[in-house]
Amino acid sequence: MQHEAIPEIQAATTLEALQAVKTKYVGKSGLVTRELGTLGKLPPEERKTRGAEINAVRQAIQDALDTRETTLKREALDAQLASEAIDVTLPGLPLPAGGLHPINRVYDDLTGIYERLGYTVVEGPEVEDEHHNFEALNVPWYHPARDLQDTFWLEDGRLLRTHTSPMQIRYMVDHEPDLKIVVRGKVYRYEATDATHESMFHQLEGLVVGDHINMADLKGTIAEMARGLYGPRAKVRFQPSYYPFVEPGADFAVYWDNPRGESKWLELGGCGMVHPNVFKAVDDLREAQGKERVYEGKTGFAFGLGPERIAMLKYKIPDIRYFYANDPRVIGQFRGEL
Ligand code: FA5
């Protein structure tokens, strides 16, 4: 019996198969167990020797079963470990990554420059009222910017802000001087679109208010921004211009050049010294809210620029409309670059 059992035990390749062999020989009604049961029928003198024989066989089978079980269990564990092994030295799989929109990247560059200069970065409502968007900014009723053709009017008489300048008013009503802020956000104009004009675009607005702030501070700030954007060789140019909320007012351009020999003046935005009428309008609004009039006699400068211009140049995007056309071929180029 032992001669049959041992090869069967060796041949069992799973714990289940081994259990079956165990049942067959040493189980409750197994062959060896039954053989032991026949001892009672033998004459007493044979019983002892026969019993010892059967027990030896039983022990040999049990030993073989135990050894085989240990082996099978170890093999199963080895197989499990091998299948679950993680090779930590393998290079990682690339994860699908999003990316920042080019306008947000330019905004981050710009606000980074201003934060280093101690400015606070704020945002404001895109739905505005006529008073904040125009009147308080000294834009008279006959100014062309108030033309129905330039402004998206809402049915309730409010409008989509045409520039970020109304945040000058809101911030000054809520805060006392001295202050240094930049405003980032979307603006809207009801006008025909072309390669450099969109009906929705972005602006970065700057406002500094304190005592004895002058035009040199303004020019130095714009020059610092230009160097931050285009390196130490960047130059700035100011040309007289008119905006109702500043006096004097100017347009500014940045001259940038790079090692590839590309260079040109980039018209970036408008700026100037805050008009006294703006400070007066702010104090009027403050007074109406029970706040102190604190802006009379203060001086300040403001500027506003379009980050799309910077992004078009930086990323060689020939048409402003590509930014917002939702074409994955344009935006997909910025994937994974955070
Ligand atoms: C203004 O909006 C003034 N609020 C800027 C200002 C602020 C002047 C503070 C003085 C003091 P302007 O309309 O020129 O100005 O617009 C400013 C910049 O926004 C422009 O130089 C240009 O870069 C950008 N911009 C204007 N219109 C569009 C448009 N349709 N599409 C894309 N960018 C535009």
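Above: the structure in question.
Owing to the predicted nature of the structure, the values given are computational and were not obtained by experimental measurement.

**A closer look at the layout of surface pockets**
Summary: where empty space remains is shown by rolling a probe the size of a single water molecule over the atoms. When its volume is computed, the largest pocket comes out at roughly 900 Å³. The wall of the largest pocket is formed by 41 residues, among which His-163, Arg-189, Phe-201, Gln-203 and Tyr-243 lie closest to the centre. At the level of elements, β5 (200–210), β7 (246–257), β8 (263–274), β9 (299–305) and α10 (307–314) are the ones that each hand at least two residues to the lining of the largest pocket. A per-element tally of the lining of the largest pocket places β8 first, with six residues. A per-class count over the lining of the largest pocket returns 18 nonpolar, 14 polar and nine charged.

**Overview of the pattern of salt bridges**
According to the stated counting rule, one finds 19 salt bridges in the structure shown. Where Arg-50 meets Glu-53, a salt bridge forms, and the shortest distance between an N and an O atom there is 2.7 Å. One end of the pair is Arg-50 and the other is Glu-53, both in helix α4 (residues 44–84) and three residues apart, which spans about a single turn. Across the pair Arg-286 and Glu-176 runs a salt bridge whose closest N-O atoms are separated by 3.4 Å. Of this pair, Arg-286 sits in helix α9 (residues 276–288) while Glu-176 sits in the loop between α7 (166–174) and β4 (179–188); the two residues are 110 residues apart in sequence, bridging distant segments of the chain. Judged by its relative accessible area of 44%, Glu-176 falls in the partly exposed class.

**A word on helix α5 (residues 102–116)**
Across its 15 residues, α5 extends 21 Å between first and last C-alpha, which sits within 8% of the 21 Å expected from 1.5 Å per residue. The positive-phi residue at the C-terminal boundary of α5 is Gly-118, with phi of around 90°.

**Re the site of the ligand**
What surrounds the ligand is a group of 24 residues, the closest being His-163, Ser-165, Arg-189, Glu-191 and Glu-198. In the environment of the ligand, an oxygen atom lies 3.2 Å from a nitrogen or oxygen atom belonging to the side chain of Tyr-243. Using a 2 Å cut-off from the grid points, one finds that the ligand occupies the largest pocket. Those elements giving two or more residues to the shell around the ligand turn out to be β5, β8 and β9. Sorting elements by how many residues they give to the shell around the ligand places β8 first, with four residues. Its residues assigned to classes, the shell around the ligand shows nine nonpolar, 10 polar and five charged.

**With respect to the nonpolar core**
In this structure, Leu-110, Leu-204, Met-225, Phe-252, Phe-301, Phe-303 and Leu-305 are the most contacted members of the largest nonpolar core, which totals 39 residues. Contributions of two or more residues to this core are made by α5, β5, α8 (215–230), β7, β8, β9 and α10. The element that contributes the greatest number of residues to this core is α5, accounting for six residues. Other than its neighbours up to four places away in sequence, Leu-110 contacts Leu-204, Met-225, Leu-229, Leu-305, Pro-307 and Ile-310. If you look at the next biggest cluster of nonpolar residues, it comprises 26 residues, including Ala-136, Leu-137, Val-139 and Met-172.

**What to know about the pairing of β4**
In summary, the side chains of a regular strand alternate between the two faces of the sheet. Taken across its 10 residues, β4 has eight buried, putting it largely inside the fold. With three bridges joining them, strand β1 (residues 120–122) and β4 adopt parallel strand pairing. Of the residues in β4, the one forming a bridge with Val-121 is Val-182. Pairing of β4 with β5, which is carried by 10 bridges, proceeds in the antiparallel orientation. Bridge pairing in β5 places Lys-186 opposite His-202.

**Describing the sheet that holds strand β6 (residues 235–241)**
Pairing is mixed in the open sheet, where seven strands are placed in the order β1-β4-β5-β9-β8-β7-β6. The open sheet terminates on both sides in strands that have one partner only, identified here as β1 and β6. Each strand of the sheet is rotated relative to its neighbour by a mean of 25°, with strand direction disregarded. Two elements, β5 and β9, share seven bridges in a ladder whose sense is antiparallel. Directly across from Glu-205, in β9, lies its bridge partner Gly-304. On top of the sheet, α9 reaches β5, β8 and β9; it is set at about 55° to β8, its chief contact.

Rules and cut-offs
Residues numbered from 1 in each chain as written. Predicted model: local features only at pLDDT ≥ 70, side-chain atom pairs only at ≥ 80, totals over all residues. Heavy atoms only, no water. 1 Å grid on protein atoms, 1.4 Å probe; cavity = no way out; pocket = protein on both sides within 12 Å on 5 of 7 lines; lining within 4 Å. Points joined across faces, edges and corners; volume = space filled by probe spheres on them. Helix = DSSP H or I, 4+ residues; strand = E, 2+ residues; numbered from the N terminus. Nonpolar A, V, L, I, M, F, W, Y, C, P; charged D, E, K, R; others polar. Salt bridge = Lys/Arg side-chain N within 4 Å of Asp/Glu carboxyl O. Buried < 20%, exposed > 50% of the residue type's maximum accessible area, 1.4 Å probe, protein only. Expected span 1.5 Å × (residues − 1). Near = heavy atom within 4 Å. Polar contact = N/O pair within 3.5 Å; in protein donor to acceptor, adjacent residues only side chain to side chain. Sits in = over half its atoms within 2 Å of the grid points. Core = buried A, V, L, I, M, F, W, Y, C linked by side-chain atoms within 4.5 Å. Contact = heavy atoms within 4.5 Å. Pairing = 2+ DSSP bridges. Axes fitted to C-alpha atoms, helices over the stretch in contact; angles between N-to-C directions.

Just geometry here; none of it tells us what the structure is for.
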